[in-house]
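Below are the chains, spelled out letter by letter.
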Amino acid sequence: MEPGRVSERFSKLKGLAIAVAPHKGCGSSGGSGKSSCGSSAGSGDLPPDVWEKVKNHPCYSEEAHHHYARMHVAVAPACNIQCNYCNRKYDCANESRPGVVSERLTPEQAARKVLAVASEIPQMTVLGIAGPGDPLANPDKTFGTFDRVFKAAPDIKLCLSTNGLALPDHVARIKDFKVDHVTITINMIDPEVGARIYPWVFFRHKRYTGKDAAKLLSERQLEGLEMLTQAGILCKVNSVMIPGINDDHLVEVNKAVKSRGAFLHNIMPLISAPEHGTVFGLSGQRGPTAQELKALQDKCEGEMNMMRHCRQCRADAVGLLGEDRGAEFTTERIESMEVQYDAGKRQAYRDSVEVERSARRAAREQELLTLAGENSNRKILLAVATKGGGKVNEHFGHAKEFQIYEMSTAGAKFVGHRRVDLYCQGGYGEEDALAGVIRAINDCVAVLVAKIGACPKEELRKAGIEPIDQYAYGYIETSAISYYRGYLERLKSGAVADVERGDAVIRQGAFVEVGAPAGQAA
Ligand code: CLF
Ligand code: SF4
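Residues numbered from 1 in each chain as written. Chains lettered and ligands numbered in written order. Predicted model: local features only at pLDDT ≥ 70, side-chain atom pairs only at ≥ 80, totals over all residues. Heavy atoms only, no water.

## Regarding the overall build of the protein
Looking only at helices and strands, the protein features 15 helices and 18 strands. Scored against the burial criterion, the 522 residues of the protein give a buried share of 58%. Across the protein, contacts joining residues at least 24 apart in sequence account for 74% of those joining residues at least 6 apart. Of the roughly 20100 Å² that the protein leaves accessible, carbon and sulfur atoms contribute 51%. (Helix = DSSP H or I, 4+ residues; strand = E, 2+ residues; numbered from the N terminus. Buried < 20%, exposed > 50% of the residue type's maximum accessible area, 1.4 Å probe, protein only. Contact = heavy atoms within 4.5 Å. Areas by Shrake-Rupley, 256 points an atom, 1.4 Å probe, with all protein chains shown as cover.)

## Thoughts on the nonpolar core
Ranked by size, the top nonpolar core spans 58 residues in total, and within it V73, M124, L127, F146, I174, L228 and V257 carry the most contacts. Take this core: its biggest share by element is 7 residues, from helix 3 (residues 107-120). Apart from residues no more than four positions distant in its own chain, I174 is found in contact with F143, L160, L167, V179, V182, L228 and I233. Among the nonpolar cores identified, the runner-up in size contains 36 residues, and Y85, V126, V193 and I245 belong to it. (Core = buried A, V, L, I, M, F, W, Y, C linked by side-chain atoms within 4.5 Å.)

## A look at the sheet that holds strand 14 (residues 411-419)
Pairing is mixed across the open sheet formed by 5 strands, whose spatial order is 14-13-12-17-18. What marks the edges here is a single partner per strand, and that holds for strand 14 and strand 18 (466-468). Mean inter-strand twist for the sheet, computed between neighbouring axes without regard to direction, equals 25°. Here strand 12 (residues 380-384) runs beside strand 13 (residues 401-408); their pairing, made up of 5 bridges, is antiparallel. The residue bridging L382 from the neighbouring strand is Y405, located in strand 13. Packed on one face of the sheet, helix 10 (residues 290-301) meets strand 12, strand 13 and strand 14 and runs near 140° to strand 14. (Pairing = 2+ DSSP bridges. Axes fitted to C-alpha atoms, helices over the stretch in contact; angles between N-to-C directions.)

## Describing the sheet that holds strand 4 (residues 157-162)
In space, the 8 strands of this open sheet follow the order 10-9-8-5-4-3-1-11, with mixed pairing throughout. Sheet topology places strand 10 (305-307) and strand 11 (318-320) at the edges, where each strand pairs with a single neighbour. Between one strand axis and the next, the sheet turns by 25° as a mean value, whatever way the strands run. By the bridge criterion, 5 bridges tie strand 4 to strand 5 (residues 179-185) in an arrangement that is parallel. Looking at the pairing, S161 lines up with T183 of strand 5. Contacts from helix 10 reach strand 8 (234-241), strand 9 (264-269) and strand 10, with the element oriented near 165° to strand 9.

## Points about the packing of aromatic side chains
One pass over the full model with this rule turns up 7 aromatic pairs. Their ring planes at 15° and their centres at 6.2 Å tell us that Y60 and F263 sit as a pair that is stacked. One end of the pair, Y60, is in the loop between helix 2 (48-54) and strand 1 (69-72); the other, F263, is in the loop between helix 8 (250-259) and strand 9, with 203 residues separating them in the sequence. Like F263, Y60 is buried. The structure contains a cluster of three or more aromatic residues connected by ring pairs, namely F143, F146 and F177. The cationic tip of R207 hangs over the ring face of W200; the distance from NZ or CZ to the ring centre is 4.3 Å. (Phe/Tyr/Trp six-rings, centres within 6.5 Å; stacked < 30°, edge-to-face > 60°. Lys NZ or Arg CZ within 6 Å of the ring centre and 35° of its normal.)

## Some thoughts on the packing of helix 8 against helix 10
Orientation of helix 8 relative to helix 10, taken along the N-to-C sense of each, is 35°, at an axis distance of 10 Å. Considering the relative orientation of helix 8 and helix 10, their crossing is right-handed. In this structure, helix 8 uses L250, V251 and N254 to contact helix 10, whose residues at the interface are L296, K299 and C300. Across the contact of helix 8 with helix 10, the residue classes break down as 4 nonpolar, 1 polar and 1 charged. (Left-handed = near helix turned anticlockwise from the far one by under 90°. Nonpolar A, V, L, I, M, F, W, Y, C, P; charged D, E, K, R; others polar.)

## Remarks on the pairing of strand 7 (residues 206-209)
In terms of strand pairing, strand 6 (residues 200-203) meets strand 7 through 4 bridges, oriented antiparallel. Bridge assignment links V201 to a residue of strand 7, and that residue is Y208. The hairpin formed by strand 6 and strand 7 contains 2 residues between the paired strands, and R204 there has a positive phi angle of roughly 45°.

## What to know about the side chain of T162
Tracing the sequence through the fold places T162 in strand 4. A residue is classified by how much of its surface remains accessible, and T162, at 0% relative accessible area, is buried. Polar side-chain contacts of T162 include one of 2.9 Å to the backbone nitrogen of G164. (Polar contact = N/O pair within 3.5 Å; in protein donor to acceptor, adjacent residues only side chain to side chain.)

## Side note on helix 4 (residues 139-152)
Over its 14 residues, helix 4 extends 20 Å from the first C-alpha to the last, a length consistent with the 20 Å expected when each residue adds 1.5 Å. The inward-facing, buried residues of helix 4 abut helix 3, strand 3 (124-129), strand 4, helix 5 (171-176) and strand 5. (Expected span 1.5 Å × (residues − 1).)

## A word on the pattern of salt bridges
All chains considered together, the criterion is met by 35 salt bridges. Note that R350 is salt-bridged to D155, the shortest N-O span being 3.2 Å. Taken together, the positions of R350 in helix 12 (residues 343-368) and D155 in the loop between helix 4 and strand 4 put the pair 195 residues apart, joining distant regions of the chain. In this structure D155 comes out as partly exposed when scored by relative accessible area, which is 25%. As a salt-bridge pair, R286 and E292 come within 2.9 Å of each other at their nearest N and O atoms. (Salt bridge = Lys/Arg side-chain N within 4 Å of Asp/Glu carboxyl O.)

Function-wise, these values are silent; they only describe arrangement.
Right, here's the structure in full:
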């Protein structure tokens, strides 16, 4: 196909790339317009075939991310476009926070790494290829890896993230290789907006700049999305929220991608700091605040499922979202490992998760009944320290992030997470880190933790955030509902004042592992 030309089917849509497409409602792989995947509602009203695809995928189901892990292999170094939020020395900002990839792998090394991780981490259910460049600008490496993994470990779901420029040329191959989850990063459908995000794209031996580049990219992204959804492949759209450039426009993007069958929309904050050396970082372009991000996600939620638990992970991340065990699986270590892929052990883990899921759901439903007589409109945010399993099971001082729940009489709704620096370093509390934690959860009324020391308790109280450890090791939603019920009672009795909280800060850059070798994190 010549540059800028579109397929006959897509030509009917030509022009819609720069206009808002009418809503077509939900296709079989489309969003339900409810937040079943962006919430912890579990299967909700998803068709059984869709639930089967998402229930063990930590990115496509918020509920699954408490139990299941993903891994990325960095096999795709080249890219075919330039984004103003990307510095090629760093991970692809499509799917990863800025941070150098520790090692680039061949497809053979990557497949061995996948089997090694799968044999040690039964929670790992998904292999994603997300960089450090664009997977479809490196198709042989990408599909060579998928082919090897599919043959050796067919229970691992294959997942791909792309900027979409080359996507229409690869849809048939994506289907053949049984990749049933694809993410496209779509930041605009208006070339005027796109010209401020993409200085150039390189397509069929030619470089395009300005609005021509953005128009070509947008047409190819939307064409690829349509082709994938028609092929029955579940699609997620990632969008980077860039205040003053595409923030208002992302509502139009949301409508356009929903109308083309996208299943999930993930609006992520721009990560932009001068030290990343990106165009936006150097020009001082800011990212959104926590409340700006939430407001936009809320605005789009009526349209389709919103993902709010993305961790903007590295292109070589390993583990549950929010943790990175990549340093345990270096090429050197993997080569010396005896890899024993045990499908039975992995199935046993999945069975145990199903039991845990049922118990968690039943406990939540039971607790929800206690809110039945409440008619308050008061919504509050709670921060929760957790290390997985859907439980309040992390010490305040050990938390690298807090999960944020919005409480209302409808129950607990997951609305995001906030990365923080570790408060407790080598047994001692760091004052600066505590100030950072308070800034990150400043919009929350309370923080639920497994344990907390007297000193941070006092500082949190002074900042108007109630430290709560009475729900240690309980289910998050059940505990949060119980706290909220008590909060409403205290409001009624006048024991607490109804004060609106302020905004909170989204941390720029990656969590830096204490003692990590230089270059492991941004
Ligand atoms: Fe990786 Fe992306 Fe697949 Fe997930 S990540 S390729 S869909 S397996 Fe997930 Fe990471 Fe967010 Fe991506 S948390 S950056 S959305
Ligand atoms: Fe960077 Fe990814 Fe954009 Fe390519 S698509 S320029 S690797 S952020």
